[in-house]
Amino acid sequence: MKHRIGLAEAVRLRSPGDDNIVFRYGTVLLKGYSFLSLARQALTGHKGWPVIWRSPEVKKSYDVIIIGAGGHGLATAYYLAKNHAVKNIAVLEKGWLGGGNTGRNTQVTRSNYYWPQSAAFFDHSLKLYEGLGRSLNFNVMLSQRGILNLAHNAYELEGMRRWANAIKINAIDAEVLTPIDIKKLVPLIDLDCRFPVHGGFIQRRGGISRHDAVAWGYARAASALGVDIIQQCEVTGFNTASGRVTGVNTTRGTIGADKISFAVAGHTSHLAKMAGFRVPVTSMQLQAMVSEPIKPCLDTVVVSTAIHMYVSQSDRGELVIGGGADVYNSYAQRGGIPVLQENVAALLELFPVFSRLRLMRQWAGITDITPDTTPLMGLTPVQNLYISGGWGTGGYKAIPAGGDTMAYTIANDKPHPLIEDFGLERFKSGALIDEGAASGVAH
Ligand SMILES: Cc1cc2nc3c(=O)[nH]c(=O)nc-3n(C[C@H](O)[C@H](O)[C@H](O)COP(=O)(O)OP(=O)(O)OC[C@H]3O[C@@H](n4cnc5c(N)ncnc54)[C@H](O)[C@@H]3O)c2cc1C
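A brief report on the enclosed structure follows. (Residues numbered from 1 in each chain as written. Predicted model: local features only at pLDDT ≥ 70, side-chain atom pairs only at ≥ 80, totals over all residues.)

We now examine the overall build of the chain. If you tally the helices and strands in the chain, you get 13 helices and 18 strands. Relative to its length of 443 residues, the chain is compact, with a C-alpha radius of gyration of 22 Å against a globular reference of 22 Å. On the principal axes, the C-alpha backbone points of the chain span a range of 65 × 60 × 40 Å. Across the 443 residues that make up the chain, the buried fraction comes to 51%. Considering only residue pairs separated by 6 or more positions, the chain has 76% of its internal contacts joining residues 24 or more positions apart. (Helix = DSSP H or I, 4+ residues; strand = E, 2+ residues; numbered from the N terminus. Rg over C-alpha atoms; globule rule 2.2 N^0.38 Å. Buried ≥ 20, exposed ≤ 12 C-beta atoms within 10 Å, placed from the backbone. Contact = placed C-beta atoms within 7 Å.)

Shown next, in the form of structure tokens:
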């Protein structure tokens, strides 16, 4: 808690005048959060925390520009600087850092995917998450409380058995549970609801982590390695010469770059269009909501594909509720009332005990969904321009692996082995990776 107050103070203290101080701190800042520094700050009312990332002036050109300061953009910049010794990097963000889907999601972190390519990629991500707090020296509040998928009839349970077996064959943990096991794990659940619970399966290493902390942790670490994070800087076009990208036009002027990558979630098709190619992506709003806070009563993430909702309890006590995307295309970040009602009704099917709780907040993000619900990563038809998009409703859990593999891809101008099958070519070759089941309820 004290740690969080410290961060809030740090953000409040942030002003252009503070930048020099922070920059000097910058190189040592990664080691700066320790028990001793916490104790020292506690004694002085948490007034001395430095800002956690710099706000530098825009340079005329960079070696690499990343568009979008969501988790993917920030992680890519961080791993480029850390693992590939690229020094002159900028992340351009049209709004505020982490204000896109990274700050809007329901924080589910898991790797229980069906196909080997997805399983390998998402488990790499989960493993990076498992060490992320330590490597960023920033508490991302990973809570591996388990993610439980419910089956509501014998056929669904049979499908889940096959799914769990496939996950295990991919060397990832999955365990089929009986209704009695489920009741022990989630005492508040009503197993005899309208769609009775016949069983389910759990990935115990799955869970949640704190999405703001992931964005802030990567931003802080990238900034300390010299990455320029430029907020309020919208990219409005690309400059190219002989089929090769040379820079971007932005609301803060033209900026040159040898290489450019974009990770703009719901705006993937816009950026692709600016660069002169099309992507098979449809943009839909996905909403989530939280209840008023209550005492700890749910320590597993519970998912029902059939009833179409999932729920977890945050460390503040709120129930975090999600479901399917709104069923029309939109760039609004609000979400419609009918889907909100469906999500809440689905929750109450399984947990009638929550019926008297009030909803506290509701919001939405724009998700870019591909036909096979697998991301779009790698090279593009424009030389030296790279894409990380199509994350749809499930790219939060992919942030560390997305950043790591895109950094490799940009540095070497060839896809990282883990993302070789995630490129745009699959829509020509037909080698789709259909993860519709694993992405079925949006989490
Ligand atoms: C309600 C909801 C619940 C979700 N739940 C989960 C979940 O539980 N687990 C999970 O794994 N995933 C979940 N997701 C999906 C996940 O949030 C996203 O896939 C992920 O955050 C994408 O990260 P990103 O960095 O690519 O995009 P973002 O975080 O959206 O960042 C993209 C950034 O690009 C910026 N940008 C856009 N256009 C421009 C431009 N022209 N110039 C400059 N900047 C630009 C935007 O302002 C934005 O900040 C959920 C999404 C939503 C909306």
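Further notes follow.
Moving on, we come to the site of the ligand. Lining the immediate surroundings of the ligand are 41 residues, of which Gly-68, Gly-70, Gly-100, Gly-365 and Gly-395 lie closest. The set of elements that each furnish at least two residues to the shell around the ligand consists of helix H4 (71-83), strand E12 (282-291) and strand E16 (359-369). Tallied by class, the residues present in the shell around the ligand amount to 14 nonpolar, 22 polar and five charged. Among the domains, domain 2 (60-138 + 207-280 + 371-443) and domain 3 (139-206 + 282-369) are the pair contributing at least three residues each to the shell around the ligand. (Near = placed C-beta within 6 Å. Nonpolar A, V, L, I, M, F, W, Y, C, P; charged D, E, K, R; others polar. Domains from an automatic or database assignment.)

On to the pairing of strand E2 (residues 89-92), then. Residues Ile-89 and Val-91 point to one face of E2 and Ala-90 and Leu-92 to the other, with burial holding for every one of them. Bridge count between strand E1 (residues 61-67) and E2: four bridges; the pairing is parallel. Across the sheet, Ile-67 pairs through a bridge with Leu-92, a residue of E2. What joins E1 to E2 is H4, and the crossover it makes is right-handed. (Pairing = 2+ DSSP bridges. Right-handed = clockwise from strand over helix to strand, strands pointing away.)

Overall, mixed pairing links the eight strands, which are arranged E5-E6-E4-E13-E14-E15-E12-E16 in an open sheet. Every interior strand has two partners, whereas the edge strands, strand E5 (175-177) and E16, have only one. Between one strand axis and the next, the sheet turns by 25° as a mean value, whatever way the strands run. Across the sheet, helix H7 (residues 154-169) is in contact with strand E4 (147-151), E5 and strand E6 (199-203); its angle to E6 comes to roughly 25°. (Axes fitted to C-alpha atoms, helices over the stretch in contact; angles between N-to-C directions.)

Relative to the assigned elements, Gly-336 resides in the loop between strand E15 (319-329) and helix H11 (337-350). Note on Gly-336: 16 C-beta atoms within 10 Å, which makes it partly exposed. Taking the C-alpha atoms as reference points, Gly-336 and Val-86, 250 residues apart in sequence, are found 43 Å from one another.

In this section: the nonpolar core. Grouped together as the largest cluster of nonpolar side chains are 127 residues, with contacts concentrated most on Ile-65 and Ala-222. For this core, the element with the highest residue contribution is helix H9 (residues 211-224), accounting for nine residues. Residue-level mapping places this core at the junction of two domains, with at least three residues from each of domain 2 (60-138 + 207-280 + 371-443) and domain 3 (139-206 + 282-369). Beyond its immediate chain neighbours, meaning those up to four positions away, Ala-222 contacts Leu-74, Ala-77, Tyr-78, Ala-81, Val-227 and Ile-229. (Core = buried A, V, L, I, M, F, W, Y, C linked by C-beta atoms within 7 Å.)

Contact pair helix H5 (residues 116-130) / helix H12 (residues 399-412): the axes reach a minimum separation of 7 Å and the direction vectors enclose 105°. When the interaxial angle is binned, H5 and H12 end up roughly perpendicular. Contacts between H5 and H12 involve Phe-121, His-124, Ser-125, Leu-128 and Tyr-129 from the former and Pro-400, Ala-401 and Asp-404 from the latter. Here the residues of the contact of H5 with H12 sort into five nonpolar, two polar and one charged. (Parallel < 35°, antiparallel > 145°, perpendicular 65-115°, else oblique.)

Alternating residues of strand E13 (residues 301-304) divide into Val-301 and Val-303 and Val-302 and Ser-304, and every residue in both groups is buried. Both E13 and strand E14 (residues 309-313) contribute to a ladder of three bridges, which runs antiparallel. Its bridge partner being in E14, Val-303 is matched across the sheet by Tyr-310. Remark: four residues form the turn of the hairpin made by E13 and E14, two consecutive strands paired antiparallel; His-308 in that turn has positive phi of roughly 70°.

Moving on, we come to the packing of H4 against H12. To describe two helices that pack against each other, one gives the angle between their axes and the distance between the axes. One can describe the packing of H4 onto H12 by two numbers: an axis separation of 7 Å at closest approach and a directional angle of 55°. The orientation of H4 with respect to H12, classified from their angle, is oblique. At the point where H4 passes H12, the crossing takes the right-handed sense. On the side of H4, the interface is formed by Gly-71, His-72, Ala-75, Thr-76, Tyr-78, Tyr-79, Leu-80 and Asn-83, while H12 contributes Ile-399, Pro-400, Gly-402, Gly-403, Asp-404, Met-406, Ala-407, Ile-410 and Ala-411. Looking at the contact of H4 with H12 residue by residue, the class counts come to 10 nonpolar, six polar and one charged. (Left-handed = near helix turned anticlockwise from the far one by under 90°.)

Worth remembering: the numbers are spatial, not functional.
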